[in-house]
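# Residue-level structure breakdown
These are the residues of each chain, in order.
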Amino acid sequence: MPPRVIIHNTVSLDNAVFGFDIDIGLHYQVLLSYRPEAMLVGSATAKTGIEMFLNIDEQEEPADRHRPPQSPEDARPIGVFVDSRGVLHGLLHFYRRLEHIRDVVVLVSGTTPEAYLAYLREREYPYIRCGEERVDLRAALQELRENFGVDTMVTDSGSGLNAALMEQRIADEISLIVTPAIAGNAPKTLFGSVQTPCDLELLSSAKLGEGRVHLHYRFRK
Ligand SMILES: NC(=O)c1ccc[n+]([C@@H]2O[C@H](COP(=O)([O-])OP(=O)(O)OC[C@H]3O[C@@H](n4cnc5c(N)ncnc54)[C@H](OP(=O)(O)O)[C@@H]3O)[C@@H](O)[C@H]2O)c1
């Protein structure tokens, strides 16, 4: 059985995923409330996160080149990064340093540049190579379940990866923090690239304060 996959996003009332004031603390508080063994992060999201919240010029230190020891008692999720094109080459140390994830695992494909694979190997980043042009998400999830003990995975991604998870019928649930803001001129909306209609069932709804609402849905399959 594949892991349970929850698409989690903070959205504006006009369905934008950026371009408005996102409460990052609340975003991760709700994400972690699902007690996931893994967070699935797209490469563009990961790179944007470094550019927005960290100093991208901060260099890798010798200690960053080694995989941290893994313990079965450690309840923190692993960060799983979808990156077939090597967008995160030279940048993964930022994520290895984060306290809320215990390990960095990378998903790559048959077209991933060899130089990026060498970068991953030299730094002891575990990676899963599956799919030809792009990562075969379904196969990768199965391997994450079998080899990394992932039962529940929550996304931290934008519309591109979310759409792929929905189109391929991999996603099981949607978790949305709806924020009382209109972003306006949003170039990408949350479900803008989904082509296939989907039906959902509401599992819960809750007021979060400051006008925000949390909605949790399950896909009817
Ligand atoms: N508000 C929120 O909750 C929230 C959360 C996260 C991100 N964001 C925002 O969303 C924006 C980025 O969104 P994005 O969608 O452009 O980038 P993304 O989340 O990084 O998604 C792109 C990633 O998905 C992979 N992907 C896309 N389609 C795929 C498919 N069919 N099969 C396999 N892999 C596939 C790409 O793989 P390749 O390696 O092959 O390219 C790439 O790694 C940023 O501005 C970020 O700030 C908002």
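Residues numbered from 1 in each chain as written. Predicted model: local features only at pLDDT ≥ 70, side-chain atom pairs only at ≥ 80, totals over all residues. Heavy atoms only, no water.

### Quick look at the overall build of the protein chain
Along the backbone of the protein chain there are six helices and nine strands. Relative to the globule expectation of 17 Å for 221 residues, the C-alpha radius of gyration of the protein chain, 17 Å, shows essentially globular dimensions. Taken over the C-alpha atoms alone, the protein chain extends approximately 45 × 40 × 35 Å along its principal axes. Long-range contacts, defined as pairs at least 24 residues apart, comprise 76% of the intrachain contacts of the protein chain with a sequence gap of at least 6. Carbon and sulfur atoms form 51% of the exposed surface of the protein chain, whose accessible area is close to 11,300 Å². (Helix = DSSP H or I, 4+ residues; strand = E, 2+ residues; numbered from the N terminus. Rg over C-alpha atoms; globule rule 2.2 N^0.38 Å. Contact = heavy atoms within 4.5 Å. Areas by Shrake-Rupley, 256 points an atom, 1.4 Å probe, with all protein chains shown as cover.)

### So, the pattern of salt bridges
Side-chain pairing between opposite charges can occur once the charged atoms of the two side chains come close. Under the defined criterion, the tally for this structure stands at 12 salt bridges. Between glutamate 60 and arginine 123 there is a salt bridge whose closest N-O contact spans 2.7 Å. Of the two residues, glutamate 60 sits in the loop between α2 (43–53) and β3 (78–82) while arginine 123 sits in the loop between α4 (114–122) and β5 (127–129), which places them 63 residues apart along the sequence. Linking arginine 76 and aspartate 74 is a salt bridge whose minimum nitrogen-to-oxygen distance equals 2.8 Å. Among the residues examined, aspartate 74 registers a relative accessible area of 23% and is labelled partly exposed. Connected via shared salt-bridge partners are Glu60, Arg65, Glu122 and Arg123. (Salt bridge = Lys/Arg side-chain N within 4 Å of Asp/Glu carboxyl O. Buried < 20%, exposed > 50% of the residue type's maximum accessible area, 1.4 Å probe, protein only.)

### Some thoughts on the site of the ligand
The environment of the ligand is made up of 27 residues, and the closest members are Thr45, Ser84, Arg85, Gly158 and Gly160. Note that a nitrogen atom of the ligand is positioned 2.8 Å from one of the backbone N or O atoms of valine 17. Arginine 134 is positioned with one of its side-chain polar atoms (N or O) 3.3 Å from an oxygen atom of the ligand. Protein contact buries 88% of the 920 Å² of open area that the ligand shows by itself. Breaking the shell around the ligand down by element, the ones donating at least two residues are β1 (4–12), α2 and α6 (159–167). Considered class by class, the residues forming the shell around the ligand number nine nonpolar, 13 polar and five charged. (Near = heavy atom within 4 Å. Polar contact = N/O pair within 3.5 Å; in protein donor to acceptor, adjacent residues only side chain to side chain. Nonpolar A, V, L, I, M, F, W, Y, C, P; charged D, E, K, R; others polar.)

### Describing unusual backbone geometry
At asparagine 15, a residue that is not glycine, the phi angle is positive and equals roughly 70°. Along the chain, the position of asparagine 15 falls in the loop between β1 and α1 (24–33). For asparagine 15, a relative accessible area of 25% gives the class partly exposed. At arginine 35, a position not held by glycine, the phi torsion is positive, near 50°.

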